[in-house]
There are 2 protein chains.
Amino acid sequence: MRIFAKLLAASLAAIPLLAGCTASDKEQAADFSKALELKSPDGGLTMKFTLSEDGTPMYSLDYQEKNVILPSSLGYEIRGDRDYSYKKGAIYGAPKSLHDGFSLLTSSTDSLDEVWHPVMGEESSVRNNYRELLVALKQDSTGILMNIRFRLYDDGLGLRYEFPQQDFSYFTIKEELTSFAMAGDHTAWWIPGDYDNQEYNYNESRLSEIPSVYKAKGILRNASQQIFSDTGVQTALQMRTDDGLYINIHEAAVVDYPTTSLNLDEKTLTFTTWLTPDAVGWKGFMQTPCKSPWRTVMVTDSAVKTLSSRLILNLNDPCAYEDVSWIHPTKYMGVWWEMICGKSKWSYTSDYPTVLIGVTDYSKAKPHGLHGANNENVRRYIDFAAANGFDAILVEGWNIGWEGYGHQKDYVFDFLTPYPDFDIEALNRYAHSKGIRLIMHHETSASVRNYERHMEEAYSLMNKYGYDAVKSGYVGDIIPRGWHHYTQDMINHYLYCVTQAASHHIMVNAHEAVRPTGLCRTYPNLIGNEAAMGTEYRGIIEASHVTVLPFTRLQGGPMDYTPGIFEMDLSKLNPKQDPVQAKFKSTICKQLALYVTMYSPLQMAADLPENYQAHMDAFQFIKDVALDWEKSVYLAAEPGDYVVVARQAKKSSLDAASKGVETLPDGMKGYVNGATAYAAGAKDVWFVGGVTDENARDIEVNFGFLPEGKTYEARFYVDGPDASWESKPQSYSIFSEEVSSATTKKIHMATSGGFAIELKEK
Amino acid sequence: MRIFAKLLAASLAAIPLLAGCTASDKEQAADFSKALELKSPDGGLTMKFTLSEDGTPMYSLDYQEKNVILPSSLGYEIRGDRDYSYKKGAIYGAPKSLHDGFSLLTSSTDSLDEVWHPVMGEESSVRNNYRELLVALKQDSTGILMNIRFRLYDDGLGLRYEFPQQDFSYFTIKEELTSFAMAGDHTAWWIPGDYDNQEYNYNESRLSEIPSVYKAKGILRNASQQIFSDTGVQTALQMRTDDGLYINIHEAAVVDYPTTSLNLDEKTLTFTTWLTPDAVGWKGFMQTPCKSPWRTVMVTDSAVKTLSSRLILNLNDPCAYEDVSWIHPTKYMGVWWEMICGKSKWSYTSDYPTVLIGVTDYSKAKPHGLHGANNENVRRYIDFAAANGFDAILVEGWNIGWEGYGHQKDYVFDFLTPYPDFDIEALNRYAHSKGIRLIMHHETSASVRNYERHMEEAYSLMNKYGYDAVKSGYVGDIIPRGWHHYTQDMINHYLYCVTQAASHHIMVNAHEAVRPTGLCRTYPNLIGNEAAMGTEYRGIIEASHVTVLPFTRLQGGPMDYTPGIFEMDLSKLNPKQDPVQAKFKSTICKQLALYVTMYSPLQMAADLPENYQAHMDAFQFIKDVALDWEKSVYLAAEPGDYVVVARQAKKSSLDAASKGVETLPDGMKGYVNGATAYAAGAKDVWFVGGVTDENARDIEVNFGFLPEGKTYEARFYVDGPDASWESKPQSYSIFSEEVSSATTKKIHMATSGGFAIELKEK
């Protein structure tokens, strides 16, 4: 198949005009011998741009001598004009092309090589080094101006559309037609294209097998989901070619624009953008001057280079805030896993078939006795978290309305009124006295208007009681009905929340929201997102899942994966647990490793205090691990198989630790990244994590990432020799050894196992 | 046709089960001999309720011996369950019946005879006198409980559905199936059923002619419009039977529920409710306990009794506010008509094809020189209004963004930032120094989310500068796209605005919003609405329009009709005016009469100061007329022909006048209703208004409405003998005479003419 594709590319270059060919072929009839060419800074990547015979913008991308993207067309189809004859229904004329009939007005090049410093991240300094080509196009028949900007990095391409201010002032997108013609039948890790849901296990298949896998596997049922095609997949899409290239198609800086899926034409192995529509089927309302998000093609010759790429962050704008002193890493526990597992409930009473916010008198309701967010239970979590150096406790189910959750109800929550057994004032006071903050929870139930109506008051309530982070949720079909989770209006909403929260100095961790596209660079109070299948899926999660996520979901920003499950038999929490979900497919050491392999400045220890109390030696790693990094070195990885990474705790944390714990502007204790080790006198601290899929494997860890000539005390947390997720998930060994940059060590990972190492410079 | 219908009714009563009949017939097979019966307090109206053979709820309504509503079915169709197999698109199972299979659990009766006092209104005391029947139904197959409450007044019926709290907790309406089988081919005054627009001239036709009139007349083009049927008409629908009954079908207290149209089955002359759908086609999301709006059938034996009916207000809840001291009648002028006529513009500059709120620097833009809301012009209006005893000046086009208006733009206005030539602080200060308030203008451009996002800050801005009333607008297709102006979510929105405004002590006058359904009783800060074709339509408005509106649109609440046009040749304001619109079809005296015939506590003098200056003697009536009433006596009326009404200025205004002008809590001058006359020593003040259609006619005014034995000085404003809208619209005579309750006087009204009288007790 790859050979076919190469031949096709060659034929396209040789034949300027194909007589009698299909429309699709004709569009691609472009003479690339005359193309404008852009080289990456190291010369490894070559991007070419030209116009086809019919004026269609075309580009291609090569890695050294290998085709990555064969000649592929760019452009839009826009909505026709409204027919004002006003019969039944709003009727629009034929769509208009914005993908052919263009001529080149001018082109210009530019380049940048800078270093920037994220507020929090996998490394403290990021190099942003690209060469740029800007082509200014004009559609001859309409006079419409459309520019395309290409930025070529050593590890990939970004391209976006830009519309200058012009008489063509407002337009509605019917389709974005950015295509990616793949040069072979690559292996791909993909989840189904979906307007509402990203919570899937990944499929691994050849591109050509996508339709058959679709049919065979079906679609995992979820609260909200809308599938549009049997060949649709979501961004980020990770691929591997048979000759060793790692290709990743994604998007960056999606702002007030729908998120895209990628729809595959099986015959040509070409993906085309498939934007998420709104309730009436349109895909974006634009006003010039405007620009699209970046469409990205990451290309490397190794998996670890893909994981080390900062392409998506680099294509986002610099930080939009002047003061970021209120944004900080957060390690938390929560009154949450017990509800997920069915041991307790979000709701308070079973007295009424329905409740009305502001009308139902909860003080007169009989509690059903299973409400998790009660004063006593919350204090229990606070006590344990405070005793173990955590920053915060998430409490879900604190506010009235949960009895009406799950019914597509408009006024489902007010985000203001606690249940009678949750004393918001006293609990916050108690938590603060122990150096713990509570994390607010705003489950919107996808009732977005209702959330926006209450948002200002809800954030003000948070300020009043000293909350500085909120976990928001979007479970269910979006209200306004017909919108999808990835509709332009929702993309607008999510960022609206983040910026409104910023004005209250609140950090946001949005669940069931859109997959992030690097916006945490610009808006660093977006400290976490779900936007993939996380720990809550319990036994459904496949062992390989966390070996794919760093290649896909995490490229766009940190995930609140909520690791740290120590009790894998979830029927112990709730005997009525669905058996499929009750058996958690992981060893304890894999759970520890996730704090390192799944980068996030927000990390939860998701299990119950009593389950940690049974393994306090292993829990020590969670207490110690840093969340914000000076440097990250990916040691080994293959998507779907394993990931091993070493990370150096941020140097500035050393200073913070030396100054004690009062690091936040309001005098509250903030999490001091790596504080335990620094406070104990370590001059330098690293953490290493490794995870594997359903296969046990031995990994040779080379400590060459450490600075030469220094000695580190390494504390190893490794799967026991008899460990396996299925029979002995809780088997582990903990031991210490001295290591240096010259050390190598073979480590065994059990089935769905892993390991974690803390390294302290002596 | 009426005979056929009567026969049909008789046959239905006689034949309990029709074998082999059609589904529609079968539904109506009900034995009314066993029906529950409800009589109006005066015994004139009889409502019967029964269940048909298949358990369909049925009702009928008679006026004395005349059928008003033949046996008609009630109920709903609700959405089927969601199919969670998650193929493409959200799929729902077959709809479920909520209109048959019911049995009667219990029935109970009740009655009320009370008097309540509206904050402002056509009379200071309203009698609310009804008899009630409540039937409790259970659908046997599902166990669903549905009650129907009937309230029978001397002038009509109200019925609504009520769902008690039960295990049937949440449901989605596919169709409401309330039907109204008319007993004859009545004459009707109707406008096309439409999800978005009520701005039509009325059609007068037989019911059977509705489809042909539809086809012949077509649909008047408007900014936003969605027609669903060639036999759909809007509420309120006014009818007249050949034997002299006046029947009006309307709705009352529409809260968080879509507004309905009425769809006619031509064969059976049966109307059925047709709710406005949301973006995905559903018509209402309900949670038990809940109730529908009232469906009303007003029946009287004269047109003046119909106009005197308080049925709609009586079916609404009492005032929801404790403090109403901040709500007051308002007589205003505005920087508005000059923009409507094209003499000036809402926008400020033509420099840019598009503008971005918060980005475009208006201070650097070149003004196009036609901006109406500039400091100098606003001061000119303030000066004139202050000199003539007005309360307020509306200023449209004061805020940035109008250059982007009309493009379905999301972030179109911020409702906060004035244009550079509108000094919001100085103008309010200047206005207040002269006893004038400015009225805020919020054109939402139908971008509803954007408005809600800014609402709190916008209302706070109003508080800051001393605005106490806002005119809001909803021109264009609603954003979120797919919603309609009458979708449940929008009904929710309009009331949300009113209640949010109330918390800021702000009165609301919403244009292009839904037609009101009596909510001003409950929320009296809803001081005005447009929701029909108003003066802005200029020459398009037919002469008969204002003789229909009191029967239809005004039944639900006051209209901001914006009368008072003195210069009928609009080409004088703007020579480029569309000739169709340039010739205003009214005499000056008809314009004066509208202040009396079109009840509203908010009245505008819409024309320009210079046009009033040319006729200050006639303008005196506008200065003098009261807006809030002790009592209203309709003297003569026929829909489509003429309306004559006498109103007594509210007695409490006398006290207010005697105390001077400082009547509002904040010390600002408030409008003192009828103050001119009272201040001049009158003990009692009345105003009379009369309007006619395209036909000139003489009216014999009988002053018997005045208290006996008292003498009044009457000042008459009548069309001149040579007046006609077409050739002499500005011809009038003004004279004074003494009158008493024994006086009768013949008054001539020109074509599209009218008259106005002020009566002051000596």
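Refer to the structure above for everything that follows.
Residues numbered from 1 in each chain as written. Chains lettered and ligands numbered in written order. Predicted model: local features only at pLDDT ≥ 70, side-chain atom pairs only at ≥ 80, totals over all residues. Heavy atoms only, no water.

Here we look at the overall build of chain A
Here's step 1: Across its full length, chain A carries 17 helices and 39 strands.
Here's step 2: Its C-alpha radius of gyration of 26 Å places chain A within 12% of the 27 Å reference for a compact globule of 762 residues.
Here's step 3: In chain A, 72% of the contacts between residues at least 6 apart in sequence involve partners at least 24 apart.
Here's step 4: Carbon and sulfur atoms provide 49% of the accessible area of chain A, an area that totals close to 25,200 Å². (Helix = DSSP H or I, 4+ residues; strand = E, 2+ residues; numbered from the N terminus. Rg over C-alpha atoms; globule rule 2.2 N^0.38 Å. Contact = heavy atoms within 4.5 Å. Areas by Shrake-Rupley, 256 points an atom, 1.4 Å probe, with all protein chains shown as cover.)

Section: the interface of chain A and chain B
Here's step 1: With 55 residues of chain A at the contact, the number on the chain B side is 55 residues.
Here's step 2: Both sides of the chain A and chain B interface together cover about 4,400 Å² of buried area, and 47% of this is carbon and sulfur.
Here's step 3: Counting every contact that joins chain A to chain B gives four salt bridges.
Here's step 4: Note that A:Asp489 is salt-bridged to B:Arg449, the shortest N-O span being 3.5 Å.
Here's step 5: Linking chain A with chain B are 18 residue pairs in polar contact (both at pLDDT 80 or more), by the criterion used here.
Here's step 6: When contributions to the side of chain A that touches chain B are tallied by element, the ones reaching two or more residues are β22 (285-287), α9 (448-465) and α10 (488-502) of chain A.
Here's step 7: Here the side of chain A that touches chain B gets four residues from one element, more than from any other, and that element is α10(A). (Buried area = accessible area lost by both parts, 1.4 Å probe. Salt bridge = Lys/Arg side-chain N within 4 Å of Asp/Glu carboxyl O. Polar contact = N/O pair within 3.5 Å; in protein donor to acceptor, adjacent residues only side chain to side chain.)

Looking at a negative patch on the surface
Here's step 1: A contiguous patch of negative charge, built from A:Glu456, A:Glu457, B:Glu456 and B:Glu457, is present on the exposed surface.
Here's step 2: Where the negative patch is concerned, the elements lending two or more residues are α9 of chain A together with α9 (448-465) of chain B.
Here's step 3: Inspection of the secondary structure puts A:Glu457 in helix α9. (Patch = residues over 30% accessible without salt bridge, like charges linked within 9 Å, V, L, I, M, F, W, Y side chains within 5 Å. Lys, Arg positive; Asp, Glu negative; His and termini not counted. Charge placed at Lys NZ, Arg CZ, Asp CG, Glu CD.)

Here we look at the sheet that holds strand β20 (residues 260-265) of chain A
Residue and element names in this part refer to chain A.
Here's step 1: If you walk across this open sheet you meet the eight strands as β1-β2-β3-β4-β14-β21-β20-β17, and the pairing is antiparallel. The sheet is open, and its two edges are formed by β1 (36-39) and β17 (232-234), each paired on a single side. Across this sheet, the average inter-strand angle for adjacent strands is 25 degrees, counted without regard to direction. (Pairing = 2+ DSSP bridges. Axes fitted to C-alpha atoms, helices over the stretch in contact; angles between N-to-C directions.)

Things to note about the relation of the copies chain A and chain B
Here's step 1: Rotating chain A by 180 degrees and translating it 0.1 Å along the rotation axis places it on chain B, where the RMSD comes to 0.1 Å. The operation mapping one copy onto its partner corresponds to a two-fold rotation axis. Of every C-alpha in chain A, the one belonging to A:Ala279 sits nearest the axis of rotation, 3.0 Å from it.
Here's step 2: An overlap of 100% is found between the interface residues of chain A and their copies at the interface of chain B, pointing to a shared contact surface. (Least-squares fit on C-alpha atoms with pLDDT ≥ 70 in both.)

Details of empty space enclosed by the protein
Residue and element names in this part refer to chain A.
Here's step 1: Taken as a whole and judged by the stated rule, the model has 19 cavities of 30 Å³ or more.
Here's step 2: A volume near 380 Å³ is recorded for the largest cavity.
Here's step 3: Looking at the largest cavity, it is lined by 25 residues, and the ones nearest its centre are Glu122, Leu313, Cys520, Pro558 and Tyr599.
Here's step 4: Residue composition of the lining of the largest cavity, grouped by class: 17 nonpolar, four polar and four charged. (1 Å grid on protein atoms, 1.4 Å probe; cavity = no way out; pocket = protein on both sides within 12 Å on 5 of 7 lines; lining within 4 Å. Points joined across faces, edges and corners; volume = space filled by probe spheres on them. Nonpolar A, V, L, I, M, F, W, Y, C, P; charged D, E, K, R; others polar.)

Concerning the sheet that holds strand β25 (residues 330-335) of chain A
All names here are of chain A.
Here's step 1: Reading across from one edge, β30-β29-β28-β27-β26-β25-β31 is the order of the seven strands in this open sheet, with parallel pairing throughout. Two strands bound the open sheet, and with one partner strand each, they are β30 (526-529) and β31 (602-604). Strand-to-strand twist of the sheet, defined as the mean angle between neighbouring strand axes without regard to direction, takes the value 25 degrees.

Description of the environment of A:Lys345
All names here are of chain A.
Here's step 1: Note that lysine 345 resides in the loop between α6 (337-340) and α7 (375-387).
Here's step 2: Note on lysine 345: relative accessible area 38%, which makes it partly exposed.
Here's step 3: Spatially, the C-alpha atoms of lysine 345 and valine 255 are 36 Å apart, while their sequence positions differ by 90 residues.
Here's step 4: Filtering out sequence-adjacent residues up to four positions away, lysine 345 remains in contact with Met339, His368, Leu370, His371 and Gly372. (Buried < 20%, exposed > 50% of the residue type's maximum accessible area, 1.4 Å probe, protein only.)

Here we look at α10(A)
Here's step 1: Taking 1.5 Å as the rise per residue, α10(A) with 15 residues should run 21 Å; its terminal C-alpha atoms sit 21 Å apart, in good agreement.
Here's step 2: Extensive coverage of α10(A) is indicated by the burial of 13 of its 15 residues. (Expected span 1.5 Å × (residues − 1).)

Some details on the side chain of B:Thr273
All names here are of chain B.
Here's step 1: Here threonine 273 lies in strand β21 (residues 270-275).
Here's step 2: Of the polar contacts made by the side chain of threonine 273, one reaches the backbone oxygen of glutamate 176; its length is 2.7 Å.
Here's step 3: Non-local contacts of threonine 273, meaning those with residues more than four positions away in its chain, are made with Glu176, Leu177, Thr178, Phe180, Thr260, Ser261, Leu262 and Arg295.

Details of unusual backbone geometry
Here's step 1: In this structure, the amide linkage connecting A:Thr288 to the following residue, A:Pro289, adopts the cis form with an omega of 0 degrees.
Here's step 2: One can find A:Pro289 in the loop between β22 and β23 (290-291).
Here's step 3: Here the amide bond leading from B:Ile479 into B:Pro480 is cis, since omega sits at 15 degrees, within 30 degrees of zero.
Here's step 4: With respect to the helices and strands, B:Pro480 occurs in the loop between β28 (469-473) and α10 (488-503).

So, the packing of aromatic side chains
Here's step 1: The final tally for this structure, using the stated rule, is 78 aromatic pairs over all chains.
Here's step 2: For the pair B:Tyr92 and B:Trp282, a centre-to-centre distance of 5.4 Å together with 85 degrees between the ring planes defines the contact as edge-to-face. Within this pair, whereas B:Tyr92 is found in strand β7 (residues 91-92), its partner B:Trp282 is found in the loop between β21 and β22 (285-287), the two being separated by 190 residues in sequence.
Here's step 3: Pairing B:Phe621 with B:Phe687 gives two aromatic rings, centres 5.7 Å apart and planes at 80 degrees, and the pair type is edge-to-face. Linking B:Phe621 in helix α15 (residues 616-624) with B:Phe687 in strand β34 (residues 685-692), this pair joins segments that are 66 residues apart in sequence. With respect to burial, B:Phe621 and B:Phe687 carry one shared label: buried.
Here's step 4: Through successive ring pairs, a cluster of aromatic residues spans A:Trp346, A:Trp402, A:Tyr405, A:Phe413, A:Phe415 and A:Tyr451.
Here's step 5: The lysine or arginine in question, A:Arg481, covers the ring of B:Phe285, its NZ or CZ lying 3.2 Å from the ring centre.
Here's step 6: The ring of A:Phe716 carries A:Lys745 above its face, with NZ or CZ at 5.4 Å from the centroid. (Phe/Tyr/Trp six-rings, centres within 6.5 Å; stacked < 30°, edge-to-face > 60°. Lys NZ or Arg CZ within 6 Å of the ring centre and 35° of its normal.)

What about the pattern of salt bridges?
All names here are of chain A.
Here's step 1: Considering all chains together, one arrives at 72 salt bridges over all chains under this definition.
Here's step 2: Where aspartate 31 meets lysine 34, a salt bridge forms, and the shortest distance between an N and an O atom there is 4.0 Å.
Here's step 3: For arginine 380, the salt bridge goes to glutamate 610, with nearest N and O atoms at 2.8 Å. A residue pair is termed long-range when its members are at least 10 positions apart, and arginine 380 in helix α7 and glutamate 610 in helix α14 (residues 609-613) qualify at 230 residues.
Here's step 4: Taking relative accessible area as the criterion, glutamate 610 reaches 30% and is therefore assigned partly exposed.
Here's step 5: Shared partners join several salt bridges into a network, and the residues in it are Glu132, Arg149, Arg151, Arg160 and Glu162.

Side note on the pairing of strand β27 (residues 437-443) of chain B
All names here are of chain B.
Here's step 1: Here β27 lies mainly inside the structure; seven of its seven residues are buried.
Here's step 2: Residues of β27 alternate between two faces, with Arg437, Ile439, His441 and Glu443 on one and Leu438, Met440 and His442 on the opposite face, all of them buried.
Here's step 3: As paired elements, strand β26 (residues 392-395) and β27 share three bridges and run parallel to each other. Bridged to leucine 394 within β27 is isoleucine 439.
Here's step 4: Between β26 and its parallel partner β27, the chain crosses via helix α8 (residues 424-433), and the hand of that crossover is right-handed.
Here's step 5: Bridge count for β27 against β28 is four bridges, and the pairing is parallel. (Right-handed = clockwise from strand over helix to strand, strands pointing away.)

Things to note about the side chain of B:Lys331
Here's step 1: Along the chain, B:Lys331 falls in strand β25 (residues 330-335).
Here's step 2: Engagement of the side chain of B:Lys331 in a polar contact is seen with the backbone oxygen of B:Lys623, the distance being 2.9 Å.

Describing helix α7 (residues 375-387) of chain B
Here's step 1: In this model α7(B) runs 18 Å from its N-terminal to its C-terminal C-alpha over 13 residues, within 8% of the 18 Å that 1.5 Å per residue would give.
Here's step 2: Along α7(B), the residues classified as buried are B:Asn377, B:Val378, B:Tyr381, B:Ile382, B:Phe384 and B:Ala385.

Here we look at the environment of B:Pro164
Residues and elements named next belong to chain B.
Here's step 1: Turning to its location among the elements, proline 164 is positioned in the loop between β12 (156-163) and β13 (170-176).
Here's step 2: Separated by 19 residues in the primary sequence, proline 164 and leucine 145 place their C-alpha atoms 6.7 Å from one another.
Here's step 3: Not counting the four nearest positions on each side in its chain, proline 164 is found in contact with Leu145, Asn147, Thr288 and Pro289.

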